[in-house]
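So you can see what is in the structure, the chains are spelled out below.
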Amino acid sequence: MREIVEKKVLSENDRLAAVLRQRYRDENILCVNFISSPGSGKTALLEKTLASFSKDASVAVLTGDLQTDNDARRLARYGFPVRQIVTGGTCHLDARMVEKHLDEMGFRGPGLLLVENVGNLVCPSSYDLGEATKIVLLSVTEGEDKPLKYPGIFHRSSLMLLTKTDLLPHVDFDPALALENARKIHPEIDYIAVSSRTGEGFVQWLGWLNALHQKVQQEAAATVA
Amino acid sequence: MHEIGIASSILTCVESEVRRRPEITICAVGVRIGELSAIDKDALAFAFEALTRDTPLEKVRIEIEWLPRRQKCLSCSEEFAVKDLDLNCPKCGDTRTTCTGGTELDIAYLEVEELCVKS
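Given the structure is predicted, the values throughout are model-derived calculations rather than measurements. (Residues numbered from 1 in each chain as written. Chains lettered and ligands numbered in written order. Predicted model: local features only at pLDDT ≥ 70, side-chain atom pairs only at ≥ 80, totals over all residues.)

A. Main features of the pairing of strand β5 (residues 111-116) of chain A. Residues and elements named next belong to chain A. Of all six residues that make up β5, five are buried, and the element is covered over most of its length. Note: strand β3 (residues 59-65) against β5, five bridges, orientation parallel. Residue pairing across strands places Leu 62 opposite Val 115, the latter belonging to β5. (Buried ≥ 20, exposed ≤ 12 C-beta atoms within 10 Å, placed from the backbone. Helix = DSSP H or I, 4+ residues; strand = E, 2+ residues; numbered from the N terminus. Pairing = 2+ DSSP bridges.)

Shown next as C-alpha cells:
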C-alpha cells in the first residue's frame, strides 16, 4: 500500500535555515552565500571586498573548508570578525554549521555576513543557509560551459561574478559565451566581471552589494513599520 | 557528491516512521529528484543501498522519479518540460517564461506492506 509522505528530503536543514533567515531579518543582517569551484577566487574576492570597507563597518565572515584555517587567517588580516568552519570532509556548509559558528562568533546585526562556502559547484546548491542570496563565481581559467554543466547553482544564484579577468589576455576564455550559457539556465542572472588583483569591476560589484543591502534594510524597516 | 548525506536524510525519515509504527514493514521509499537539484540519481541509489546493507532496513528499495525542468509561459500560460535548454514557449514562442519545477528533492511516498520481497 502506498502512503503519501510529501516531505522535503532536507526538511531539517530547511527548518534551521528558516530560523536563521528570521534571525537575519530581526537583526537586520544581510547574509550572502558565495559559491564556486575550488580555486575560482572566493577568498581573494572577499579579501579585496573587506579591504574596501571602513574599519568601523559591521561585517563578519564565515569561511568553509574541508581542512585548514588558511582562509580564515587570510581574511582576518582586514580587522573584521572571521570564523573558519572546518567541515572535516563534508563538501558543503549546512544551516546547522552556520548557526553554531554564528553563535560562537557572537556577531550581532545590523550588518553584513559574508559566507564563503566550500569550493564545490554541486552540493552547496542544495543547502539553504538562510541567506538573502547566493552568488556564484566563475573564473576565466575555467570553461565557458560551466553553467550548462552545473545548472543547479547558476539557476539559484542571483549574480554571477566572472573572476580573474586580469588573466583574459592569456587564456582562450570568451566572457560573452559564458554569460550566454549562464542566461540559458537563468535568464535574469546579474553579471559583473571582476579582477581581485587589479580591482577591475569592484565599483560595480560593491555597488551591487550595497544596493542589495539597502533593499534588505528597507524591507526590514517596512516589516517593523 | 553529497548523495550519501541525502540518502542518510531519506533514511532518517524511513527510520522515524518505523519507530513510530513498529507493526508496519516498509518496502520502498519513493523520492522525486528534479533536474536542477544537483543530485545524481544513480549515485543516490547506490548510496541508499550502501547505507541500508546489512541493516534491518536492507529490504527497503528506493524508487526515484526523475523530473525535468518545467517552465510556464508568462504570455499564454502554457506549462512545458524544458528540452535542450530551450526556455522559450513551445506553443506561442514567447521568450518570457518562468521556472515552475525541476528543483525537487522530496520524499513522495512510502510503500508499506505486510510481506516484502526485495527485487
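B. Just the packing of helix α1 (residues 3-20) of chain B against helix α2 (residues 41-52) of chain B, in detail. All names here are of chain B. The contact between α1 and α2 brings their axes to 8 Å, and the two run at 60°. Taken together, the axes of α1 and α2 lie oblique to each other. Crossing geometry of α1 relative to α2 is assigned as right-handed. Only Ala 43, Leu 44, Ala 47, Phe 48, Leu 51 and Thr 52 of α2 make contact with α1, whose side of the interface consists of Glu 3, Ile 4, Ile 6, Ala 7, Ser 8, Ile 10 and Leu 11. A class-by-class count of the residues in the contact of α1 with α2 yields ten nonpolar, two polar and one charged. (Axes fitted to C-alpha atoms, helices over the stretch in contact; angles between N-to-C directions. Parallel < 35°, antiparallel > 145°, perpendicular 65-115°, else oblique. Left-handed = near helix turned anticlockwise from the far one by under 90°. Contact = placed C-beta atoms within 7 Å. Nonpolar A, V, L, I, M, F, W, Y, C, P; charged D, E, K, R; others polar.)

C. Local environment of unusual backbone geometry. Residue and element names in this part refer to chain A. Between Gly 109 and Pro 110 the backbone carries a cis peptide bond, its omega angle lying at 0°. For Asn 28, which is not glycine, the phi torsion reads 60° and is therefore positive. Of note, Asn 28 is situated in the loop between α1 (11-27) and β2 (29-35). At Thr 68, a position not held by glycine, the phi torsion is positive, near 70°. Examined against the element boundaries, Thr 68 turns out to sit in the loop between β3 and α3 (70-76).

D. Structural context of the pairing of strand β6 (residues 133-139) of chain A. Residues and elements named next belong to chain A. Counting buried positions over the seven residues of β6 gives six, a clear majority of the element. Here β6 runs beside strand β7 (residues 159-163); their pairing, made up of five bridges, is parallel. Residue pairing for β7: Val 136 is matched across the bridge by Met 160.

E. Representation of the sheet that holds strand β6 (residues 105-113) of chain B in the model. A sheet is described by the order of its strands in space; here four strands give the open sequence β1(A)-β6(B)-β1(B)-β2(B), paired in mixed fashion. What marks the edges here is a single partner per strand, and that holds for β1 (2-8) of chain A together with β2 (61-67) of chain B. Strand-to-strand, the axes of this sheet are offset by a mean angle of 20°, without reference to chain direction. Both strand β1 (residues 25-34) of chain B and β6 of chain B contribute to a ladder of eight bridges, which runs antiparallel. Residue pairing across strands places Ile 26 of chain B opposite Val 112 of chain B, the latter belonging to β6 of chain B.

F. Spatial organisation of helix α7 (residues 175-185) of chain A. All names here are of chain A. Residues Ala 178, Asn 181, Ala 182 and Ile 185 constitute the buried set of α7. Considered in projection along α7, the buried side chains sweep an arc of 100° and stay on one side of the axis. Among the exposed residues of α7, those oriented more than 90 degrees off its buried face are Ala 176, Leu 177 and Glu 180. Contact partners of the buried residues in α7: β6, α5 (146-149), α6 (151-156) and β7. (Arc of directions from axis to C-beta.)

G. Region of the structure containing the sheet that holds β2 of chain A. Residue and element names in this part refer to chain A. Ordered by their spatial adjacency, seven strands build an open sheet running β4-β3-β5-β2-β6-β7-β8, and the pairing between neighbours is parallel. Each having just a single partner strand, β4 (82-86) and β8 (190-193) make up the two edges of the open sheet. Looking at each pair of strands side by side, their axes are set apart by 20° on average, direction ignored. Sheet strands touched by helix α4 (residues 95-105): β3, β4 and β5. Its angle to β4, the strand with the most contacts, is close to 145°.

H. Structural context of the nonpolar core. Residues Val 98, Leu 113, Leu 114, Val 115 and Leu 161 of chain A together with Ile 10 and Val 29 of chain B are the most contacted members of the largest nonpolar core, which totals 79 residues. Considering every element that reaches this core, the biggest residue donor is β2 of chain A, with six residues. Not counting chain neighbours up to four residues away, the residues in contact with Leu 113 of chain A comprise Ile 29, Leu 30, Cys 31, Ala 60 and Phe 107 of chain A. (Core = buried A, V, L, I, M, F, W, Y, C linked by C-beta atoms within 7 Å.)

I. Expanded view of the interface of chain B and chain A. Listed as interface residues are 21 residues of chain B and, on the opposing side, 24 residues of chain A. Broken down by element, the side of chain B that touches chain A gets its largest block of residues, nine residues, from β6 of chain B. Considered class by class, the residues forming the side of chain B that touches chain A number 15 nonpolar, three polar and three charged. The pairing of β1 of chain A with β6 of chain B spans five bridges and is antiparallel. Residue pairing across strands places Arg 2 of chain A opposite Glu 111 of chain B, the latter belonging to β6 of chain B.

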